[in-house]
Amino acid sequence: MSTTFQLDTSTSRANPTPQPMKRLTVPRIRARKTDGATDEPLVMLTAYTARQAQLLDTHCDLLLVGDSLGQVIYGLPSTIPVTMEMMANHGAAVVRGSYHAVVVIDMPFGSYESSPEQAFESAARLLKETGAAAVKLEGGAAMAPTVEFLNTRGIPVMGHVGLTPQAVNVLGGYAARGRSDAEAEKIVSDAKALDEAGAFAIVVEGVVESIAITVTEAVSCPTIGIGASARCDGQVLVTDDMLGMFERVPRFVKRYENIAEIIEKTVATYACEVRARSFPGEEQTYQPRD
């Protein structure tokens, strides 16, 4: 038994709650792919808050504290302005709100690219301050030495190839990658380099489906698709996208619900009741005792 902070939904407060620590581990995630195949696909979603993590945790193998929080939480134009402080704060919240899934934290732009030593310092800080199990970084063969450097020093790394949002200024936008033979070959070689460097899984984002399938067959570690293929070893989506929090979503997103509409209708009802003085009513106010 170990103590972890779990949200008590009856009080909306975080209280120390004894939980049997059944959290999945990085080696168990890596071992889900054997002999080039994964029998049961891995499920991963993004999470940014303790309550969101709590709701997702039971159903997911991995929770990604994505740098997408820059846009989803902070209203930034891209992931590039995201800071280490943002990732550390939200990462700690997600760890507190979960006890089953492996929590992976995105390394923000500028925190790992200059050298393996810089990457180790940043990654070590994130794991120390959050309790997460692993980090994710973008880039292919160029980042393979960094992945190996971190892995051999006790920091598990998830790779990311194809459409890499932190490189949007170089790529010129968020269009699908791998449409030319040269680009397709590079994506495959990038994935192989990360696999050989010790990445325990690789996100394959926004690529032509045939390339995603080739990558999945070419590497020994699990691939996590997003805008890729159902034949990847797992899938990830930005939770707010799949829940329908935004009107416009990428082509590869399936909106499973329209939570934004539910919120808007609920708030409209609340506003009407306040203006009509029907809220708060007797059930929501304190009356003198007899």
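In case you missed it, the structure is sitting above this.
Because the structure is a prediction, the values reported are computed rather than measured.

Asker: I'd like a description of the overall build of the chain, backed by residues and values.
Answerer: Counting its regular elements, the chain contains 11 helices and 12 strands. Taken against the 2.2 N^0.38 rule, which gives 19 Å for 290 residues, the C-alpha radius of gyration of the chain at 21 Å falls within 12% of a compact globule. By sequence separation, contacts in the chain at least 24 residues apart represent 55% of the contacts at least 6 residues apart. Total accessible area on the chain is roughly 15,100 Å²; 53% of this is exposed by carbon and sulfur atoms. With 26 positive and 35 negative side-chain charges, the chain shows a spacing of 3 Å between the two charge centroids.

Asker: So what's going on with the side chain of Gln-54? Residues and values would help.
Answerer: Position of Gln-54 among the secondary structure elements: in helix 2 (residues 50-57). Assessed through its relative accessible area of 18%, Gln-54 is described here as buried.

Asker: Break down the packing of aromatic side chains for me, citing the residues and quoting the values.
Answerer: Taken as a whole, this structure holds 1 aromatic pair when the rule is applied. Seen in terms of ring centroids, Tyr-270 and Phe-279 are 5.9 Å apart; in terms of plane orientation they differ by 65°. Their pairing is edge-to-face. Over the ring of Phe-149 we find Arg-153; its NZ or CZ atom is 3.6 Å from the centre of that ring.

Asker: Pulling in residues and values, what's your account of the pattern of salt bridges?
Answerer: Opposite charge on two side chains makes pairing possible when the charged atoms of those side chains draw close. Under the criterion given, the structure shown has 8 salt bridges. In this structure, the salt-bridge partner of Arg-32 is Asp-61, at a minimum N-O distance of 3.4 Å. Pair noted here: Arg-32 is in the loop between helix 1 (26-30) and strand 3 (33-34) and Asp-61 is in the loop between helix 2 and strand 6 (62-65), with a separation of 29 residues, a long-range link. Classification of Asp-61 as buried rests on a relative accessible area of 12%.

Asker: Before we move on, could you go through the environment of Ala-88 and cite the residues and values that matter?
Answerer: Tracing the sequence through the fold places Ala-88 in helix 4 (residues 84-96). Sequence separation between Ala-88 and Gly-140 is 52 residues; the distance between their C-alpha atoms is 24 Å. Excluding residues that lie within four positions of it along the chain, Ala-88 makes contacts with Leu-126, Glu-129 and Thr-130.

Asker: Lay out the layout of surface pockets in plain terms, naming residues and giving numbers.
Answerer: Computed from the structure, the second largest pocket encloses a volume of approximately 400 Å³. In this structure, the second largest pocket is lined by 21 residues; those nearest its centre are Gly-139, Gly-140, Thr-164, Lys-186 and Asp-190. Secondary structure elements with two or more residues in the lining of the second largest pocket: strand 9 (157-162), helix 7 (168-171) and helix 8 (181-197). Among the elements that line the lining of the second largest pocket, the one with the most residues is helix 8, at 4 residues. Per-class residue counts for the lining of the second largest pocket are 9 nonpolar, 6 polar and 6 charged.

Asker: Give me the lowdown on helix 6 (residues 144-151), citing residues and values where you can.
Answerer: Among the residues of helix 6, Ala-144, Thr-146, Val-147, Phe-149 and Leu-150 are the ones counted as buried. Check the buried side of helix 6 and you find it contacts helix 5 (116-130), strand 9 and helix 8.

Asker: Break down the packing of helix 5 against helix 6 for me, with residues and values.
Answerer: Orientation of helix 5 relative to helix 6, taken along the N-to-C sense of each, is 50°, at an axis distance of 9 Å. Of the possible angle classes, the one that applies to helix 5 and helix 6 is oblique. In the packing of helix 5 onto helix 6, the handedness of the crossing is right-handed. Counted together, Pro-116, Glu-117, Ala-119, Phe-120 and Ala-123 of helix 5 and Thr-146, Phe-149 and Leu-150 of helix 6 form the full contact between these two elements. Across the contact of helix 5 with helix 6, the residue classes tally to 6 nonpolar, 1 polar and 1 charged.

Asker: Could you give an account of the pairing of strand 12 (residues 234-237), naming the residues involved and the relevant values?
Answerer: For strand 5 (residues 42-46) and strand 12, the ladder comprises 4 bridges, and the chain directions are parallel. Bridged to Val-43 within strand 12 is Gln-235. By the bridge criterion, 2 bridges tie strand 11 (residues 223-226) to strand 12 in an arrangement that is parallel. Residue pairing in the sheet places Ile-224 in a bridge with Gly-234 of strand 12.

Asker: Report on the nonpolar core, specifying residues and quantitative values.
Answerer: Among soluble globular proteins, nonpolar side chains are generally buried collectively. Counting 78 residues, the largest nonpolar core has Leu-62, Phe-200 and Ile-202 as its most contacted members. In terms of residues, this core owes the most to one element, helix 8, which gives 7 residues. Look past the residues within four positions of Phe-200 in its chain and what remains in contact with it is Val-26, Ile-29, Arg-30, Leu-62, Val-104, Ala-134, Pro-156, Val-157, Met-158, Cys-221 and Pro-222.

Reading guide: rules and limits
Residues numbered from 1 in each chain as written. Predicted model: local features only at pLDDT ≥ 70, side-chain atom pairs only at ≥ 80, totals over all residues. Heavy atoms only, no water. Helix = DSSP H or I, 4+ residues; strand = E, 2+ residues; numbered from the N terminus. Rg over C-alpha atoms; globule rule 2.2 N^0.38 Å. Contact = heavy atoms within 4.5 Å. Areas by Shrake-Rupley, 256 points an atom, 1.4 Å probe, with all protein chains shown as cover. Lys, Arg positive; Asp, Glu negative; His and termini not counted. Charge placed at Lys NZ, Arg CZ, Asp CG, Glu CD. Buried < 20%, exposed > 50% of the residue type's maximum accessible area, 1.4 Å probe, protein only. Phe/Tyr/Trp six-rings, centres within 6.5 Å; stacked < 30°, edge-to-face > 60°. Lys NZ or Arg CZ within 6 Å of the ring centre and 35° of its normal. Salt bridge = Lys/Arg side-chain N within 4 Å of Asp/Glu carboxyl O. 1 Å grid on protein atoms, 1.4 Å probe; cavity = no way out; pocket = protein on both sides within 12 Å on 5 of 7 lines; lining within 4 Å. Points joined across faces, edges and corners; volume = space filled by probe spheres on them. Nonpolar A, V, L, I, M, F, W, Y, C, P; charged D, E, K, R; others polar. Axes fitted to C-alpha atoms, helices over the stretch in contact; angles between N-to-C directions. Parallel < 35°, antiparallel > 145°, perpendicular 65-115°, else oblique. Left-handed = near helix turned anticlockwise from the far one by under 90°. Pairing = 2+ DSSP bridges. Core = buried A, V, L, I, M, F, W, Y, C linked by side-chain atoms within 4.5 Å.

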